[in-house]
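# Coordinate inspection notes
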Amino acid sequence: AARFVAVPGGTATLGKPRDFPSFGWDNEYGQATINVPAFEVHDRLTSNGEFLEFVKAGGYSERSLWSEEGWGWRTYRNAKWPTFWTPVGPQGLHEYELRTTHESTALRLDLPAVVNRHEAHAYCTWLARREGKPDGAYRLPAEAEYALMRQPYVDDAGAGASDFPVAFGGAALRACAGAPNAQLAHGSESPVDAETPNALGLRGVRGNVWQWCADWFSGMPGFAPHPLYDDFSSPCFDGEHSVIMGGSWVSTGDLCSDFARFHFRPHFFQHAGFRVCRAPGGAGGAVPPVSHVHSRGPFAAGWRPSVESAGGSGPGPPPRPPPGT
């Protein structure tokens, strides 16, 4: 089972150097320096087995666990379990099959739960209550916290890489026991405990599934739209697109780079899962050190970043009607 691991505070420097010798999307450039207080985070991704406990406990029917927008999505879709689970047998028995990219199989409890941000937020609230903590005490990690969770990747021979995919292709990762599941090293997600833990004791900080973050997608100080694709990033600096980090098993090249930061609406699915984060001891009231409050724009759709817009699963602007797709 997942357990909390202490991560020392420190300074996180986000942003890809402009002279780094590999491709990068425009939103990876610029630089944000963020002071990150000490925090605790689960040592592995949330598994299907752990998420099944949330489902069995009625998590999809308890309104108070969900953000306003998250509940709008849940009721619009009449969601009762994760989208890629298929019930088999009477509903009350909670028996499911799992739809993976290539096949349907019995629900693997050791694989990461592939869910959207709304579901991840509701799970964090449920888990906090179950463990006697206040609402909001358990949350998604911030992008800057995620940066401190990573350690330089080192293979069995002790060779490091300045950026993960630059030196390690899928064949090399497949041949290295305990290596991250990325670069198409495998054909699906792998168990949440399959990867060798890093120096902090954390597994799965790269690859397997993308990881939802607490931040809303924004440009770092020094960001400039690329002149050849100026509509890729900046239209999504709107408080409605969440940062995802780390890449997935199917990510290759830049997509699983340590510098990669992508953006999806909270109700989307993108080979994405999550892990649970909290302030030391689970104290309530701590605001995550989100990157979007450091952004200098440009901003879209009238959005202006604020600390208050962080941590939940709804956007900064007023709630909108439930999304249809």
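First, a word on what this report is: a plain description of the structure on this page. (Residues numbered from 1 in each chain as written. Predicted model: local features only at pLDDT ≥ 70, side-chain atom pairs only at ≥ 80, totals over all residues. Heavy atoms only, no water.)

If you look at soluble globular proteins, the nonpolar side chains tend to sit buried side by side. Counting 40 residues, the largest nonpolar core has Phe 51, Phe 54, Trp 85 and Phe 274 as its most contacted members. Put simply, the parts of the chain that give this core at least two residues each are α1 (48-56), α2 (68-77), β6 (96-99), α3 (117-130), β9 (210-216) and β11 (261-264). The dominant element in this core, judged by the number of residues it contributes, is α3, at seven residues. Not counting chain neighbours up to four residues away, the residues in contact with Phe 51 comprise Thr 46, Tyr 60, Pro 82, Trp 85, Ala 113, Val 115, Glu 119, Tyr 123 and Phe 274. Val 7, Leu 14, Val 41 and Leu 202 belong to the second largest nonpolar core, which has 25 residues in total. (Core = buried A, V, L, I, M, F, W, Y, C linked by side-chain atoms within 4.5 Å. Buried < 20%, exposed > 50% of the residue type's maximum accessible area, 1.4 Å probe, protein only. Helix = DSSP H or I, 4+ residues; strand = E, 2+ residues; numbered from the N terminus. Contact = heavy atoms within 4.5 Å.)

The next point concerns the packing of aromatic side chains. In this structure the tally under the stated criterion is 29 aromatic pairs. Measuring from ring centre to ring centre gives 5.2 Å for Trp 85 and Tyr 96, while their planes differ by 50 degrees; the resulting arrangement is tilted. Remark: Tyr 96 occurs in strand β6 and Trp 85 occurs in strand β5 (residues 85-87); sequence separation between them is 11 residues. Per residue, the accessibility class of Trp 85 equals that of Tyr 96, and both read buried. With centroids separated by 6.0 Å and ring planes inclined at 85 degrees, the aromatic side chains of Tyr 229 and Phe 232 adopt a geometry described as edge-to-face. Positioned over the ring face of Trp 71 is Arg 74, at 4.5 Å from the centre of the ring. One Lys or Arg, Arg 278, reaches over the ring of Phe 4 and ends 3.9 Å from the middle of that ring. (Phe/Tyr/Trp six-rings, centres within 6.5 Å; stacked < 30°, edge-to-face > 60°. Lys NZ or Arg CZ within 6 Å of the ring centre and 35° of its normal.)

All right, on to the side chain of Arg 261 then. Positionally, Arg 261 belongs in strand β11. Using a relative accessible area of 2% as the deciding quantity, one classes Arg 261 as buried. A polar contact is formed between the side chain of Arg 261 and the backbone oxygen of Ser 218, at a distance of 3.0 Å. Sequence-distant contacts of Arg 261, that is, excluding residues within four places in its chain, are made with Asn 27, Glu 28, Glu 143, Phe 217, Ser 218, Met 220, Val 243, Ile 244, Met 245 and Ser 291. (Polar contact = N/O pair within 3.5 Å; in protein donor to acceptor, adjacent residues only side chain to side chain.)

What follows covers the sheet that holds strand β10 (residues 242-245). Judged by pairing direction, the sheet is mixed, and its four strands sit side by side in the order β11-β10-β9-β12 without closing on themselves. Since the sheet does not close on itself, it has two edges, and those belong to β11 and β12 (272-273), each with one partner. Bridge count between β9 and β10: three bridges; the pairing is antiparallel. By the bridge assignment, Trp 212 is partnered in β10 with Ile 244. Where α3 meets the sheet, it contacts β9 and β10, and its direction lies at approximately 80 degrees from that of β9. (Pairing = 2+ DSSP bridges. Axes fitted to C-alpha atoms, helices over the stretch in contact; angles between N-to-C directions.)

Turning to the environment of Ala 171, a few remarks are in order. Turning to its location among the elements, Ala 171 is positioned in helix α6 (residues 170-175). For Ala 171 and Asn 198, which are 27 residues apart along the polypeptide, the C-alpha to C-alpha distance reads 21 Å.

Over its 14 residues, α3 runs 20 Å from end to end, which matches the ideal 20 Å to within 8%, given 1.5 Å per residue. Counting buried positions along α3 yields 12 of 14 residues, so the element is predominantly enclosed. Those residues of α3 that fall on the buried side of the exposure criterion are Arg 117, His 118, Glu 119, Ala 120, His 121, Ala 122, Tyr 123, Cys 124, Thr 125, Trp 126, Leu 127 and Ala 128. Buried residues in α3 make contact with β4 (39-42), α1, α2, β8 (138-139), β9 and β10. N-cap assignment for α3: the residue whose side-chain oxygen lies 3.1 Å from the backbone N of His 118 is Asn 116. (Expected span 1.5 Å × (residues − 1).)

Function-wise, these values are silent; they only describe arrangement.
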